[in-house]
Structure formats: structure tokens, C-alpha cells
Amino acid sequence: VGAVDAHNASLPATPASVSSKVPLQILLDFKVAQVADWVAYNLGLPQYRDMVIQNAVDGLLLVELTDDDLLTELRIEDELHRSLILGALSDILGETSRPVTQTEEDAAQDSDAAVPS
């Protein structure tokens, strides 16, 4: 019963009703606060919780977000964080391919331009 226990007691509890892998129909019905909790607690990205709320991202909007939306609208600059969010959404949506981030698209375009005809 030391400083670690006291520290853990101050951490927010993860909402039991929110899961990183939820059925699509339930995700689509998520209110803004539920999306914010899903991103913060279940994906482990609490730094973006307020941006989700400020941008009123509900379940219907969440499944439509692109890498560019995450970067420009939600200001998620970390490519790995965007990839984590898009990957979790891809899993829920049942897509087999991983979403491509903006940086990967730019690299692909650069390599296409460098190929001589």
C-alpha cells in the first residue's frame, strides 16, 4: 500500500460498457461522449478526448472519418495514433485491409512520380 496504490486510485476507471471491438450497429449509435470514451480509454488515447467532443464526433461520423480528417479536423498529428484509430475502425467495419495514412499516400505518389516512363 504505497505511492503506486495511491496513484492508481486516482486514475479514471475504464467504462465497462465501451469496448475497442464493439458491434458496428452499437458503434453507429454511440453518442459523442461514448465515442470520446472509446478513443480515450479503450484505444488509450485520452489526449484526443476533448477534440472528439469539440468536433461533436458521434458514431455515425466516426465511421466516416479519414486519415486527413483525423489530421486536420481533430489535429491528431501522430501518424501512429491515426493508424491506431483507423485500424480499430477497420476491424469493427470488417475491412481486411489496413487504412492508408496520409504519409503513406504521399510516399506512394512520390515513388510513382520517380518511375521513368
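Procedures and definitions
- Residues numbered from 1 in each chain as written.
- Predicted model: local features only at pLDDT ≥ 70, side-chain atom pairs only at ≥ 80, totals over all residues.
- Heavy atoms only, no water.
- Helix = DSSP H or I, 4+ residues; strand = E, 2+ residues; numbered from the N terminus.
- Buried < 20%, exposed > 50% of the residue type's maximum accessible area, 1.4 Å probe, protein only.
- Contact = heavy atoms within 4.5 Å.

Enquirer: Describe unusual backbone geometry, and please don't skip the residues or the numbers.
Expert: Peptide bonds are, in most cases, trans, and in most cases residues other than glycine have a negative phi. The phi dihedral of Ala56 falls on the positive side, at around 50°, and the residue is not glycine. Along the chain, the position of Ala56 falls in the loop between helix H4 (49-54) and helix H5 (59-62). According to the relative accessible area criterion, Ala56 is partly exposed, its value standing at 44%. In this model, Arg75 sits at a positive phi of 60°, which is unusual for a non-glycine residue. Relative to the elements of secondary structure, Arg75 occurs in the loop between helix H6 (67-72) and helix H7 (79-93).

Enquirer: I'd love a proper account of helix H3 (residues 32-42), names of residues and values included.
Expert: Those residues of H3 that sit buried are Val35, Ala36, Asp37, Trp38, Val39 and Ala40. For H3, the secondary structure elements touched by its buried residues are H4, H5 and H7. Gly44, located one to two residues past H3, shows a positive phi value of around 75°.

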